[in-house]
Structure formats: C-alpha cells, structure tokens
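Descriptive structure summary
Letter by letter, the chains look like this.
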Amino acid sequence: MAHTKITKIKEDDFLECFLYPKVCYTQPSETITEEILLQEISKFNEEIASFVEGYIWHSDRLILRPRTKQVLLLKKLMENLSTVEESDILPHIYISLHFDEDISDEWFLVFLIFKLTQTFDGLIAKLIDSDGEFLLIETANVLPSWVNPETCENCVFVYNGELHVVREKYETLFDLLNNIHQKSYLSKASEKVQNTVKKRIGCYPNEIKKRHHKARVFLPEKAVSILQQEPRLVASAIRTICHSDPLERKVCRAMRYFPPEQRIMVNVKMTKCLYAMAMHCRYTGDPRTGWNIPPTTCSKYNAHILGVKIACGLEMLVARAHEERRHILNASEKSNVSEYALNAYLARLEASGYFKNLLKGSQEYQKLLNIATDYYLQHFHSFNCATNTIKSDAEEVLEAWDSIQSNDVELHAQDEAALSPPDNDSWLNIDPVLLETLLSEQWGNVKNKKQRQELLSLREKVQSFLNHTSDIDGVQLLEEHSMEADIMHDSEDNGKIEFDADIFDCTLQGILDLVVPGSEGEFEGSSEGSLGEDDEDKGGEMDKYMRLLNSELQSEMMKDERFESNTNADRIEENLMKSIEEEAGGAGPAGNIIGGPVRRFMHLQLQSPTTVPPDLES
C-alpha cells in the first residue's frame, strides 16, 4: 500500500484527522473544488454544533479545513524537494488538534468523528496521533493475531460509525476507500473491537459537563469582560502562566493591561484539568504589583491566588500579541515579498527536477516556467487560505482588550452572596482506595487476575506451550473465551509464553533430585570444553562422578516408572525425557525449549546410562 501512506506525526500530543466525503473518492479529483468541500464542512459543523457549543478546548479548537488536489500539490511542492505523484493526492477535509495535557480533547474529537461518519452516508475518516494508529492501541487486547504495527500502518479507518481495518493491499487510496464503501463487511473489525471503542467514547456527551469546574475567582474588571466575551480564553491564560518562565513573567510586574486596583469576585467556568494546573502552579504574582493576597488560612485565598494567575496569563498574552504585530509590520515593509515567495517556489521546482535540466532561457525552459508561474498565481490564494492558521489566542485577547478600551466598558462589583456556590474541588485529592476503585472500573480487578496467572505452574505453562502448533511467527495461544474469563496478558507479549531457561533448569534439577557428592565448588568454573582435557587426574575424578550421576538417574527413572500409574503430575517430565533421548543431542523441539539443560545432561547418555560417554573415555 505504498501509495496511501500518511506520514506519522512527530509532535507529541497532536491529533490529525482526514475526512473523505463520498464525493472525494467517487468523482475525479480535479472536479472537487473548494466550494464543494466548504459545503460539506458546513453540514458537518451544523451536525456537531450542539456538542461543541460551550466546550472549552484545552489548546486548539476544532476547525475543519478544505484541501483540494491543487492546494495539496502546491503544498507538497512548497515543502518537499522530491517529485510528487498526482495519484497520491486525494481531496479531503483536514483537522489538526493539539490537545497537550488534556487527552479528553482527543477522545471527544474521536466521538465527533464517529458521530459524523454514522450520520453522513459514505463519509470515511482516518485518525492518527503521535503514537500512530492509537485506535488499535486502545483495542490491543481484543485484536486478531495478524494485526501488528507493520501490517496495519495506514490501514485503519472509521466508516458508518464503526472501526475498519483493511487487510488487503491497494495501489491507491482512491481504490482503498471505494472498497471500504462498497464491501465494508470485508474490513469491519470484530464486535469485541467495536465494543471496546464504543466503551471508550460512550461517556460522551455526558462527559462534557462532568469535565467542567466552576471556580470562584477575584479578577480585574477588564479580565472579567474578556472572559465574558470569550469564555474559552481562560484555557489560554492558565496554560500561558503555567508554561512560562521567570523571564517571560517580567511583563507581569507592571500589569499595564490588567491592573489589580479594580477587581471583582466572579465565577469562572473551566475544565478540571485547567483548574488542577492553575492550583498546582507555584506562581503567586509579584508582591510589588499590589495584589494584596490574604493569608493562606483565609477562605478567599484560593479565589485571590487563582485571579492573580489568570490575570497574569492574560497580561502575557496581550504583550505577546503586541510583539507579533510588530513582527508582521516589519515583514510587510520588506519589498518584493511576493516575488521572493515565487522565487522560492521556483527554486524548489528546479531542485525537484521539474525543469528537466534544460538550459535557462531556452524556449522549452521558458514554457515550463510560464506554466509553473501561472499555476502558482492561480492557486497561491487558495494555498494561503488552507494553510494559514486562524488568529492566535494572543491576538484574540488583544482584540478583546482593544474592544473594551473603545467601548469604555465598566463593570460593577457583584454581591458575593448573590453568586452561585463554586464546585467542590475534593476530586483533586485521591486516596489509595479511590485509586484502586478507578483502576478496577477501567481495567477490572487486576490483583485477582495476577493471582490467577501466578497459580499456573511451570508444568502447566510448558504443557500448554507444547500442545499448540506454531507458524513462522512462533506459537500464539488463541483463547476462545470472553475477556472476562481470560487471564489478562501484557499487550506487548501478544499472548506468547515467556520461557526462562534458568528457572526451568532449577525446576528440572529438583525433579530429578540429583545428588552429587563432594564440595559445592568442585565444578565451579568448569565447562564442556574442560571435560575433554587430557589431565588424567581430572579425567579419573570425572569418570567417578559421571558413573554416580548415571546410577542416581537410573534409580530415579525406575521410581518414576513404578509410580507412573498412580500420578499424572509427572507426564510432562517423562515426555521431555523421551524427547531428549530421541533427539540424542541433535536439534529438536525439546532441545530448542530447554537448550541449556539439554547440553548439560547430554553427557549423561540417557539412552545408555550404564556406559561411559565417548567424550569422557580416556
């Protein structure tokens, strides 16, 4: 599937979504205009408006951007030095979301995407984040054995409100999407996978209200006015002050834009994540600014200190916006800016081989140059509209502040008793019992599952291992029971049994109960190579020990034969011993499983325990 690869995101805490309406993969790409995509975006926004309204995004807000084939071609030529295959380009609607510390934004967007694909016929979506196919990671415990990062890269899609994993290979993304639409039953994931994803996003939309927190805040009047206009800017203010350093906080000494002299007590809505970040931020403002913070024992201390942090965050945003405006003004003063951009575009084309090494000034070269220039001038505006980001939060805060100044907005202090009580913040403190409860709700009773796993003896694990067939990827133990009845395995080991040769060696040695006379350190430092030395004294001693070992082993084997009819616990030992005898030191299943012990006990000559091994004969 080389022609459908989507580059993995390198930035952390970042989510990308590619929406392919039905028209994008059922009609020629050249006919899909920006107007057609904007119409689709308008329908999508109308569908999710009830969920998004009032939602406080932690970092980026949700914006759907159209991407036509022409814009994508120009974008690739502007960014890459290599040639671009037009068959790789498919128009779509693009979403990028930086969720930073609050991962609930990511799963809220997943909920919205599933909702859209379920509502609009033919809409297919692809979501990836910094971890790649994160939807497969979420469902790792119930995925089939053939699913792995190598086979499923760029093969996971959302269609009709369900997860689809494409196993077949397709030359183009156009063919792949058509196959999902026409033969969805071939790629639809199992019910266990679907239920796992639905359980993860099933808390929405109820979770939206649960994640909000209403806090009592003592804020400057201008800050209150800005937050009343744009409540979501509280996220930018808190994140700015929490992520700032002492050098950036120097602008908070003067507080030119939000002075502390006129402050009022208000209720401010934010997310629990933002509230926790603000409460754990150690910045308390510059004491020379005049904040007049009450002592920590005062009931209003949290409201005052939270107001200082939000106001200082807004102050830093306004100062940053002024700096951005100065940079833009300086850039606009440079002459021939558009000509510079065009030359950079032509240079990239030349580096990509567009001009075919033709001589500059030649007729053929000039023809290609005119085509490229016309293309650039025709689509440059669309390119800027598609790639240019929306106004920064700093710019929006500054515009809101300018609006307050021009309208001369004046707020009057409200009676604190008239305010609704703030939400309880006891959820900030979690004791071990509550943590255990939360973990049990999410992952089940982990302790019981670990105990059940530990109850399996080594004998049972090896017996289970030997009873399964393997393919080229090794043995895979496929369970037919439900997940509740299964023993939870680590997602990384994929259900394979881990074999520890040292533990097996000790266990087998205890079963055989071999007793070697002499001191414990007589064999220390010896190796298989040393057994074959020509030293007569060592050879004689070794012969004695080997004869004793053979005698002990023979007696133990006779005991096993007498009690074989009364016990079933020793069957695996008998099978292993027979396998070792039949292999006679060569390669085989038993030798591969317990390689170390086999090499040690081959000198015992299990087939003829009364004879001396050939390599020990003097």
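Residues numbered from 1 in each chain as written. Predicted model: local features only at pLDDT ≥ 70, side-chain atom pairs only at ≥ 80, totals over all residues. Heavy atoms only, no water.

Across its full length, the protein chain carries 24 helices and 10 strands. Burial analysis of the protein chain (618 residues in total) assigns 41% to the buried set. Sequence-distant contacts in the protein chain: of pairs separated by 6 or more residues, those separated by 24 or more amount to 79%. A total of about 35,500 Å² of accessible surface is found on the protein chain, and carbon and sulfur atoms cover 50% of it. (Helix = DSSP H or I, 4+ residues; strand = E, 2+ residues; numbered from the N terminus. Buried < 20%, exposed > 50% of the residue type's maximum accessible area, 1.4 Å probe, protein only. Contact = heavy atoms within 4.5 Å. Areas by Shrake-Rupley, 256 points an atom, 1.4 Å probe, with all protein chains shown as cover.)

Now for the packing of helix H4 (residues 104-119) against helix H8 (residues 191-201). Packed helices, taken two at a time, are described by the angle between their axes plus the distance between the axes. Following both chains from N to C, one finds H4 and H8 inclined at 120°, their axes separated by 9 Å at the closest point. When the axis of H4 is compared with that of H8, the two are oblique. In this structure, H4 meets H8 at a crossing whose hand is left-handed. Residues Trp107, Val110, Phe111 and Phe114 of H4 touch H8, and the partners they reach there are Val197, Arg200 and Ile201. For the contact of H4 with H8, the per-class residue count stands at six nonpolar, no polar and one charged. (Axes fitted to C-alpha atoms, helices over the stretch in contact; angles between N-to-C directions. Parallel < 35°, antiparallel > 145°, perpendicular 65-115°, else oblique. Left-handed = near helix turned anticlockwise from the far one by under 90°. Nonpolar A, V, L, I, M, F, W, Y, C, P; charged D, E, K, R; others polar.)

Here we come to H4. Counted at 1.5 Å a residue, the expected span for H4 with its 16 residues is 22 Å, and the 23 Å between its end C-alpha atoms agrees. Of all 16 residues in H4, 13 are buried, a share of seventy percent or more. (Expected span 1.5 Å × (residues − 1).)

Here Ser59 lies in the loop between helix H2 (34-52) and strand S2 (65-67). Residues in contact with Ser59, not counting those within four places in the same chain, are His98, Asp100, Asp105, Arg239 and Asp393.

Counting 48 residues, the largest nonpolar core has Leu19, Phe108, Ile113 and Leu127 as its most contacted members. Ranked by the residues each element gives to this core, the list is headed by H4, at nine residues. The contacts of Phe108, once residues within four sequence positions are left out, are Phe51, Tyr55, Trp57, Tyr204 and Ile208. In this structure, Ala223, Val268, Met277 and Leu306 belong to the second largest nonpolar core, which totals 45 residues. (Core = buried A, V, L, I, M, F, W, Y, C linked by side-chain atoms within 4.5 Å.)

With that settled, the discussion passes to the sheet that holds strand S5 (residues 156-159). Pairing is antiparallel in the open sheet, where six strands are placed in the order S2-S3-S1-S4-S5-S6. On the outer flanks of this sheet lie S2 and strand S6 (162-165), each paired with one strand and no other. Pairs of neighbouring strands in the sheet enclose a mean axial angle of 30°, with direction left out of account. Against the sheet, H2 touches strand S1 (14-20), S2 and strand S3 (92-98), its axis set at about 150° to S2. (Pairing = 2+ DSSP bridges.)

Applying the stated criterion across every chain, the model contains 12 aromatic pairs. Look at Trp107 and Phe134: their rings are 5.6 Å apart centre to centre, the planes differ by 75°, and that puts the pair in the edge-to-face class. With Trp107 in helix H4 and Phe134 in helix H5 (residues 134-138), the pair connects residues that are 27 residues apart, well separated along the chain. With centroids separated by 6.3 Å and ring planes inclined at 20°, the aromatic side chains of Phe108 and Phe111 adopt a geometry described as stacked. A residue pair is termed a helical-turn pair when its members lie 3 or 4 positions apart in one helix, as Phe108 and Phe111 do in helix H4 at three residues. (Phe/Tyr/Trp six-rings, centres within 6.5 Å; stacked < 30°, edge-to-face > 60°.)

With that out of the way, let us pick up unusual backbone geometry. Most peptide bonds adopt trans geometry, and most residues besides glycine take a negative phi value. Cis peptide bonds are those with omega within 30 degrees of zero, and the linkage from Tyr204 to Pro205 qualifies with 5°. Within the element layout of this structure, Pro205 appears in the loop between H8 and helix H9 (206-210). Its identity is not glycine, yet Asn154 carries a phi of approximately 60°, on the positive side. Position of Asn154 among the secondary structure elements: in the loop between H5 and S5. A residue is classified by how much of its surface remains accessible, and Asn154, at 6% relative accessible area, is buried.

A few words on the pattern of salt bridges. A complete count under the given rule lists 20 salt bridges for this structure. For the salt bridge of Glu230 with Arg232, the shortest nitrogen-to-oxygen distance reads 3.6 Å. Look at Glu230 and you get partly exposed, because its relative accessible area is 32%. The exposure class of Arg232 is buried, given its relative accessible area of 16%. With a shortest N-O distance of 3.7 Å, Asp402 and Arg325 are connected by a salt bridge. Here the residue Asp402 occupies a position in helix H16 (residues 393-407), and Arg325 occupies one in helix H13 (residues 301-332), the gap between them amounting to 77 residues. According to the relative accessible area criterion, Asp402 is partly exposed, its value standing at 30%. (Salt bridge = Lys/Arg side-chain N within 4 Å of Asp/Glu carboxyl O.)

Let us now look at the pairing of S6. Side chains on a regular strand alternate between the two faces of the sheet. Covered by surrounding structure in S6 are Glu162 and His164 together with Leu163 and Val165, the residues of both alternating faces. Between S5 and S6, which pair antiparallel and follow one another directly, the connecting turn spans two residues, one of which, Asn160, has a positive phi of 55°.

In this model, the protein chain carries an average pLDDT of 77, and 67% of its residues clear a pLDDT of 70 or more. Contacts for the low-pLDDT stretch residues 385-389, under 50 throughout, to residues beyond four places or in other chains number six contacts. Throughout residues 514-533 the model reports pLDDT below 50, and contacts reaching past four residues in sequence, or to other chains, amount to 22 contacts. (pLDDT = per-residue confidence, 0-100.)

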